Amino acid sequence: MASFGWKRKIGEKVSKATSQQFEAEAADDKDLGDDDDANWVHAAKRRKEILLEDCVRKSKELKDEGANLAENRRYREALVKWDEALQLTPEDATLYEMKSQVLMSLHEMFPAVHAAEMAVQRNPRSWDAWQTLGRAQLGLGEIALAIRSFQVSLHIFPMNPEVWKEDLSWARKLQEQQKATKTESMQALAKGKELAQESIPDYDFESDEIVAVCAAIAEKEKALSAAKTMVIVSASGTVETVTEQDNCPATPDETLFIRAR
């Protein structure tokens, strides 16, 4: 009978030198793979940087073109340029601030306020954006909000004489006029109510004069109701109005007339 012998594993047939060579080649391939991955990531970052640089450059060109158009009062065309620039650089607060100024020139106050608010959100430290927002709010009649925006602008840039002498002083003057007008309106309303109350006389409905007037009216109504009026139409078409008293029972002959009440 044949006996079973011990079966060696396949891996044990590989020599030690061959195994070491294989491990070395695998390590080289791994290093090359790591280098390829690093190069790919670097290339992707570089392409992104180039794309951003192109967007910024193109956005600046559109911004400058829009500024030239706005200076020539071609406001609608300027807005188109700046909207295209915002597609490339949506976080540019200056573009929103410039849009707000042009929209105010077109008397579109609601969009102007919105654009200025977008500018302030993107750059809260821009005194220009706060000043423009205050002017747009003033155009809507929001005097209290405009004063606050001007104050924030001065807090950022305290030495700005334009905001001090023009914007803030004008807004406060309008606020004082608004308060004075409101006070005058309240006083006029109160005075009107007092006059209305005084103009209503206090009648004494039980006085002798009122009783006599009521009695006279009643007698007149009684006299009018005592008389009876008839409209008589003859056979030939003649219309005649006859007033008969209660003590005068005579009536026309029904064979000759048609009577209607």
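Residues numbered from 1 in each chain as written. Predicted model: local features only at pLDDT ≥ 70, side-chain atom pairs only at ≥ 80, totals over all residues. Heavy atoms only, no water.

J.: Where do I start with the overall build of the protein chain in this structure?
T.: A count of helical and extended segments in the protein chain gives eight helices and three strands. In the protein chain, the order of α-helices and β-strands from amino to carboxyl end is α-α-α-α-α-α-α-α-β-β-β. Per-residue burial over the protein chain gives 23% buried out of 261 residues. Sequence-distant contacts in the protein chain: of pairs separated by 6 or more residues, those separated by 24 or more amount to 40%. (Helix = DSSP H or I, 4+ residues; strand = E, 2+ residues; numbered from the N terminus. Buried < 20%, exposed > 50% of the residue type's maximum accessible area, 1.4 Å probe, protein only. Contact = heavy atoms within 4.5 Å.)

J.: Got a minute to help me understand the side chain of threonine 132 in this structure?
T.: Looking at where threonine 132 falls in the secondary structure, it is placed in helix 5 (residues 127–139). With a relative accessible area of 5%, threonine 132 lands in the buried category. Setting aside residues no more than four positions away along its own chain, threonine 132 makes contact with Glu97, Ser100, Gln101, Met104 and Ala116.

J.: It is not clear to me how the packing of aromatic side chains should be interpreted in this structure. Could you clarify?
T.: How two aromatic rings sit relative to each other is given by the distance of their centres and the angle of their planes. One pass over the structure, following the stated rule, counts one aromatic pair. With a centroid separation of 5.3 Å and an interplanar angle of 50 degrees, the aromatic rings of tryptophan 127 and phenylalanine 157 are classed as tilted. Remark: phenylalanine 157 occurs in the loop between helix 6 (143–156) and helix 7 (161–199) and tryptophan 127 occurs in helix 5; sequence separation between them is 30 residues. Exposure remark for tryptophan 127: the relative accessible area of 25% places this residue in the partly exposed category. (Phe/Tyr/Trp six-rings, centres within 6.5 Å; stacked < 30°, edge-to-face > 60°.)

J.: What exactly am I supposed to notice about the UniProt feature "repeat: TPR" (unreviewed entry) in the protein chain here?
T.: Residues annotated by UniProt as "repeat: TPR" (unreviewed entry) correspond here to residues 59–92 and 127–160. What you have in residues 59–92 is 79% helix and 0% strand, and the ends, taken at the C-alpha atoms, are 9 Å apart. (UniProt positions renumbered as here; feature names shortened; annotations may be inferred.)

J.: Before we go on, may I ask you to explain the packing of helix 3 (residues 93–105) against helix 5 in this structure?
T.: Helix packing geometry: the angle between the two helix axes and the distance between the axes. For the pair helix 3 and helix 5, the least separation of the axes is 10 Å and the interaxial angle reads 25 degrees. One element, helix 3, and the other, helix 5, form an angle in the roughly parallel class. Here helix 3 runs over helix 5; the crossing is left-handed. Here Glu97, Ser100, Gln101 and Met104 of helix 3 lie close against helix 5, whose contacting residues are Asp128, Ala129, Thr132, Arg135 and Ala136. (Axes fitted to C-alpha atoms, helices over the stretch in contact; angles between N-to-C directions. Parallel < 35°, antiparallel > 145°, perpendicular 65-115°, else oblique. Left-handed = near helix turned anticlockwise from the far one by under 90°.)

J.: What's the story with the pattern of salt bridges in this structure? I'm lost.
T.: Note on pairing: side chains with opposite charge can pair once their charged atoms come close. Taken as a whole, this structure holds 11 salt bridges when the rule is applied. Taking the shortest distance from any N to any O, the salt bridge between lysine 99 and aspartate 83 comes out at 2.9 Å. Highlighted residues: lysine 99 in helix 3 and aspartate 83 in helix 2 (residues 75–88), separated in sequence by 16 residues. Across the pair glutamate 91 and arginine 122 runs a salt bridge, and its minimum N-O distance is 3.8 Å. Taken together, the residues glutamate 91 in the loop between helix 2 and helix 3 and arginine 122 in helix 4 (residues 109–122) connect sequence positions 31 residues apart. Put simply, Asp54, Arg57 and Glu61 are held in one network by salt bridges that share partners. (Salt bridge = Lys/Arg side-chain N within 4 Å of Asp/Glu carboxyl O.)

J.: Explanation requested: the packing of helix 5 against helix 6 in the structure shown.
T.: Packing of helix 5 against helix 6 brings their axes to within 8 Å, and their N-to-C directions diverge by 165 degrees. Of the possible angle classes, the one that applies to helix 5 and helix 6 is roughly antiparallel. The handedness of the crossing between helix 5 and helix 6 comes out as left-handed. Contacts between helix 5 and helix 6 pair Trp127, Trp130, Gln131, Leu133, Gly134, Arg135, Gln137 and Leu138 from the former with Ile143, Leu145, Ala146, Arg148, Ser149, Phe150, Val152, Ser153 and Ile156 from the latter. Classifying every residue of the contact of helix 5 with helix 6 by side-chain character gives 10 nonpolar, five polar and two charged. (Nonpolar A, V, L, I, M, F, W, Y, C, P; charged D, E, K, R; others polar.)

J.: Can you walk me through helix 3 in this structure?
T.: Since there are 3.6 residues in each turn of an α-helix, residues three or four apart along the chain are aligned in direction. An ideal rise of 1.5 Å per residue puts 18 Å on 13 residues; helix 3 measures up with 19 Å between its terminal C-alpha atoms. Among the 13 residues of helix 3, 10 are classified as buried, and the element is accordingly described as predominantly covered. Sitting at the amino-terminal end of helix 3 is aspartate 92, which places a side-chain oxygen 3.1 Å from the backbone nitrogen of threonine 94. Backbone geometry just downstream of helix 3 places histidine 107 in the positive-phi region, at approximately 60 degrees. (Expected span 1.5 Å × (residues − 1). Polar contact = N/O pair within 3.5 Å; in protein donor to acceptor, adjacent residues only side chain to side chain.)

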